[in-house]
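Structural overview for review
So the chains spell out like this:
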Amino acid sequence: MMHGLLLFVVVFMGISTFEVPTQETPDVVIATFDGGTITRSEFEKWCSLSNWEPDSDRELVIQQLAISKSMAAEAIRRGWDADPVIQVELDWKTNQLVQATLKKDVFSKIVVPVQKIEAMYQNSRDRQNKPRKLRLYNIYKRIPDELDVPRKKEVRQEIDRLRLRLLAGEDFTAIAEAESDSQTRFRKGLIGNVPAGVLTPEVDKVAMTMKAGEISEVIETKDGLTILYCEKIIPEVKRTEIEFKEKISKYLKRQLQERAWLDIENELLTRAAIQYDLPILRMNDVDGSSVIAHSRGKRMSVSQLKALASLPNPSLSYSDTNLERRKETVSQYFLLWETFAEAERRGLLTAEITFQRAITRQKELEQKLRLHLIKEKFKPPSDEELVAYFEANHNKFVQQEQFDLSMIQWSFSPEELKDSYLQGEKVRASISSGELDFEAAAERYSELDSSKSGGRLGWIGRSQIGASSMILLKAILRMKPGQLSGLIQHEQKLWILKLHGHHDKRPMTYLEAKSQLEDIVGTDKAQVLEVKIINEWLDKIDIQMAALPVVESPE
């Protein structure tokens, strides 16, 4: 439930404020509060960065500034800024601003030589314009020897029946996979993005007149019968020499920028000379204060690493099994300090950057105090509150369609497609004939963690399956409980599925909806509580507005 609470606090922080570094010259004070002041420059800079209108929003801005400064000051009074775990988070977020500044400076000095642009242009002029293409699928039936007239007639009848099934709405890719004689059956009938003139004349003539979503008539060639499906049309692209060279220039510049930044990172990491305590870094059950790495006078503990790994950043990890990912998180932290030193050496730490770092630091401290005060006073919703909300809003709580599934999955490289497909068909045939249990096949062949439990995934929602693969979802929707799927291919993976059960979409019971209710009702209570806390805080700090000095207009 508390993740909804945290989301609300983060959203609320979008209107929080910052602390302005001490100025060398006196500034006009426009408001006072218990423990501090608000100056004109603070007010104007905050309005500028937050897109507030100074004239219409003056009192509200001043209130937010006073709340932010006083809450951050209270967090500091409690010693939170000196806490090693909090400090490492503050370092991470404030130094990212400096890293972005250094990166911008490095990139601004990169110029792509005209000779490189011209050379690449001459080598790739054939790609300046792109012809119109159709994304095509096919179902192909090979015509037997002309002397075998009866069999030839049977093949024609077979493909005519397949076309009728397609027109009735059956999935083209499933029929292509099961019925086509072409090698494209291993790609569910996909031919690819095809320009004019590539296919045989008879097929090309029909294909180039098709519309998106259209299924062709049966096309007869000297060696077979074909049905085409046009998934989409990719329009022709025409570019002038100037436009194409501009595209080349941007491409080359991105390459040079990536290479330049990689060189900078490698240089800074060498300078950092990070020393790891690998035995401790590998351990999972270890004291949080244990030091796992140090670099040029700075150290990192286990608790600090865990704090960094908990930040919403996909490149950070404290995986139980991945030592390299742990080392990468440590190195990125020390790299940020090296970028800070490099930016300082280059004279990039301007007043604006210093100001933004102060903003970020203050927002983080304010956010931590806000969340702490809410958690301190928050009371989870009672069963009576949850039941009342459920009864008033029961139509909002719906159990989505679910499937009880087992799955076998394995990957292959493009060169292994045919062999993998043949192996998959053999495995499926063994399961279908009863020669091999699905559970035993999953344990032997599947790459998924579920192989340890015989491939059983349990109940999975429709949306979860669709997010993974719409092709899998389409296959499952055609299955009945107890049925085994055909061999399914998507990208570079193959699957065999077994459907054990199916539940239609239906209203949830109270117990099924309880976790959602706790989240929704709890978040509503947290919002009310936060408003109360902020109002109490405003009363406590007692903001006093000062009259703005009158500035006379020149005659």
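So, here is what we can say about the structure in this document. What you see is a predicted model; the values in this text were computed from it and never measured.

So, the overall build of the protein chain
Along its length, the protein chain carries 19 helices and 16 strands. Here the C-alpha atoms of the protein chain give a radius of gyration of 33 Å, more than 25% beyond the 24 Å that 2.2 N^0.38 yields for 555 residues. Once the C-alpha set of the protein chain is aligned to its principal axes, its extents read approximately 105 × 70 × 65 Å. Here the protein chain holds 555 residues, and 43% of them are scored as buried. Sequence separation of at least 24 residues holds for 71% of the intrachain contacts in the protein chain that already meet a minimum separation of 6. Of the side-chain charges in the protein chain, 79 are positive and 85 negative, and the distance between the mean point of each set is 5 Å.

Comments concerning the packing of helix α4 (residues 84-108) against helix α9 (residues 241-272)
Geometry of a packed helix pair, given as the angle between the helix axes and the separation of the axes. Between α4 and α9, whose axes approach to 10 Å, the crossing angle comes to 125°. With respect to α9, the axis of α4 lies oblique. Two packed elements cross with a definite hand, and for α4 against α9 that hand is right-handed. Contacts between α4 and α9 involve Gln99, Leu102, Lys103, Val106 and Phe107 from the first element and Lys253, Gln257, Ala260, Trp261, Ile264 and Leu268 from the second. Counted by class, the contact of α4 with α9 contains seven nonpolar, two polar and two charged residues.

A short note on α4
The end-to-end C-alpha separation of α4 is 36 Å, in line with the 36 Å expected for 25 residues at 1.5 Å each. Sitting at the amino-terminal end of α4 is Asp83, which places a side-chain oxygen 2.9 Å from the backbone nitrogen of Val85.

As for the sheet that holds strand β9 (residues 298-301)
Taking strand neighbours across the sheet as the criterion, the three strands line up as β7-β8-β9 in an open arrangement whose pairing is antiparallel. Edge positions in the open sheet fall to β7 (275-276) and β9, since each of these has one partner strand only. Of the pairings in the sheet, the one linking strand β8 (residues 291-295) to β9 comprises four bridges and is antiparallel in character. Following the sheet pairing, Ala293 is matched in β9 by Met300.

Regarding the pattern of salt bridges
What the rule picks out here adds up to 31 salt bridges. Arg135 serves as the salt-bridge partner of Glu231, at 3.0 Å between the closest nitrogen and oxygen. On the criterion of sequence distance, the pair formed by Glu231 in strand β6 (residues 224-234) and Arg135 in strand β3 (residues 133-142) is long-range, its members being 96 residues apart. Look at Glu231 and you get partly exposed, because its relative accessible area is 34%. Measuring nitrogen to oxygen at the nearest pair gives 2.8 Å for the salt bridge that ties Glu241 to Lys245.

Some points on the packing of aromatic side chains
All told, the structure shown has nine aromatic pairs when counted by the stated rule. With centroids separated by 5.8 Å and ring planes inclined at 45°, the aromatic side chains of Phe390 and Phe397 adopt a geometry described as tilted. Phe397 carries the same exposure label as Phe390, and that label is buried. Taking the ring centre of Phe355 as reference, the NZ or CZ of Lys45 above it sits at 5.1 Å.

Some words on the packing of helix α13 (residues 351-377) against helix α19 (residues 510-541)
Interaxial distance between α13 and α19 falls to 10 Å at its minimum, and their mutual angle equals 115°. The orientation of α13 with respect to α19, classified from their angle, is roughly perpendicular. Our pair here, α13 against α19, has a crossing hand that is right-handed. Of the residues in α19, those touching α13 at Leu369, Arg370, Leu373, Ile374 and Lys377 are Ala526, Leu529, Glu530, Ile533, Ile534, Glu536 and Trp537. Along the lines of polarity and charge, the residues of the contact of α13 with α19 split into eight nonpolar, no polar and four charged.

Considering the sheet that holds strand β13 (residues 488-490)
Within the open sheet, the four strands sit side by side as β12-β11-β14-β13. Their pairing is antiparallel. The sheet is open, and its two borders are formed by β12 (456-461) and β13, each paired with just one other strand. Each strand axis lies, on average, 45° off the axis of its neighbour in the sheet, ignoring direction. Sheet topology places strand β11 (residues 402-411) next to strand β14 (residues 493-503); 10 bridges connect them, and they run antiparallel. Residue Gln402 lies in a different strand from β14, and its bridge partner there is His503. Where helix α15 (residues 417-433) meets the sheet, its contacts fall on β11, β13 and β14, and the angle it forms with β14 comes to roughly 35°.

Examining the environment of Ser469
Looking at the secondary structure, you find Ser469 in the loop between α17 (462-468) and α18 (470-477). Residue Ser469 is classed as buried on the basis of its relative accessible area, which comes to 3%. Sequence spacing of Ser469 and Ser382 is 87 residues, and the spatial spacing of their C-alpha atoms is 40 Å.

What about a positive patch on the surface?
Taken together, the side chains of Arg127, Lys130, Lys247, Lys250 and Arg254 define a basic patch exposed on the protein surface. Along the chain, Lys250 falls in helix α9.

Observations concerning the environment of Phe412
Structurally, Phe412 is set in the loop between β11 and α15. Overall, Phe412 belongs to the buried group, its relative accessible area being 6%.

Some points on the nonpolar core
Of all hydrophobic cores here, the largest spans 34 residues; its most connected members are Ile292, Met300, Val330 and Tyr333. Sorting the residues of this core by element identifies α4, α9, α10 (278-282), β8, α11 (302-309) and α12 (323-345) as the ones contributing at least two each. Counting 32 residues, the second-largest nonpolar core is a separate cluster that includes Phe43, Leu373, Phe378 and Leu529.

Some words on unusual backbone geometry
Phi angles above zero are rare outside glycine, and Lys188 is one such case at about 60°. Along the polypeptide, Lys188 turns up in the loop between α7 (172-179) and β4 (190-195). Phi is positive for Asp542, which is not a glycine, with a value near 50°. Counting through the fold element by element, Asp542 comes out in the loop between α19 and β16 (544-545).

Concerning the side chain of Ser216
Residue placement: Ser216 occurs in the loop between α8 (201-207) and β5 (219-220). Given a relative accessible area of 3%, Ser216 falls into the buried group. Separated by 2.9 Å, the side chain of Ser216 and the backbone nitrogen of Leu228 make a polar contact. Beyond its immediate stretch of four places on either side in the chain, Ser216 contacts Arg163, Val206, Met210, Thr226, Ile227 and Leu228.

Calculation rules
Residues numbered from 1 in each chain as written. Predicted model: local features only at pLDDT ≥ 70, side-chain atom pairs only at ≥ 80, totals over all residues. Heavy atoms only, no water. Helix = DSSP H or I, 4+ residues; strand = E, 2+ residues; numbered from the N terminus. Rg over C-alpha atoms; globule rule 2.2 N^0.38 Å. Buried < 20%, exposed > 50% of the residue type's maximum accessible area, 1.4 Å probe, protein only. Contact = heavy atoms within 4.5 Å. Lys, Arg positive; Asp, Glu negative; His and termini not counted. Charge placed at Lys NZ, Arg CZ, Asp CG, Glu CD. Axes fitted to C-alpha atoms, helices over the stretch in contact; angles between N-to-C directions. Parallel < 35°, antiparallel > 145°, perpendicular 65-115°, else oblique. Left-handed = near helix turned anticlockwise from the far one by under 90°. Nonpolar A, V, L, I, M, F, W, Y, C, P; charged D, E, K, R; others polar. Expected span 1.5 Å × (residues − 1). Polar contact = N/O pair within 3.5 Å; in protein donor to acceptor, adjacent residues only side chain to side chain. Pairing = 2+ DSSP bridges. Salt bridge = Lys/Arg side-chain N within 4 Å of Asp/Glu carboxyl O. Phe/Tyr/Trp six-rings, centres within 6.5 Å; stacked < 30°, edge-to-face > 60°. Lys NZ or Arg CZ within 6 Å of the ring centre and 35° of its normal. Patch = residues over 30% accessible without salt bridge, like charges linked within 9 Å, V, L, I, M, F, W, Y side chains within 5 Å. Areas by Shrake-Rupley, 256 points an atom, 1.4 Å probe, with all protein chains shown as cover. Core = buried A, V, L, I, M, F, W, Y, C linked by side-chain atoms within 4.5 Å.

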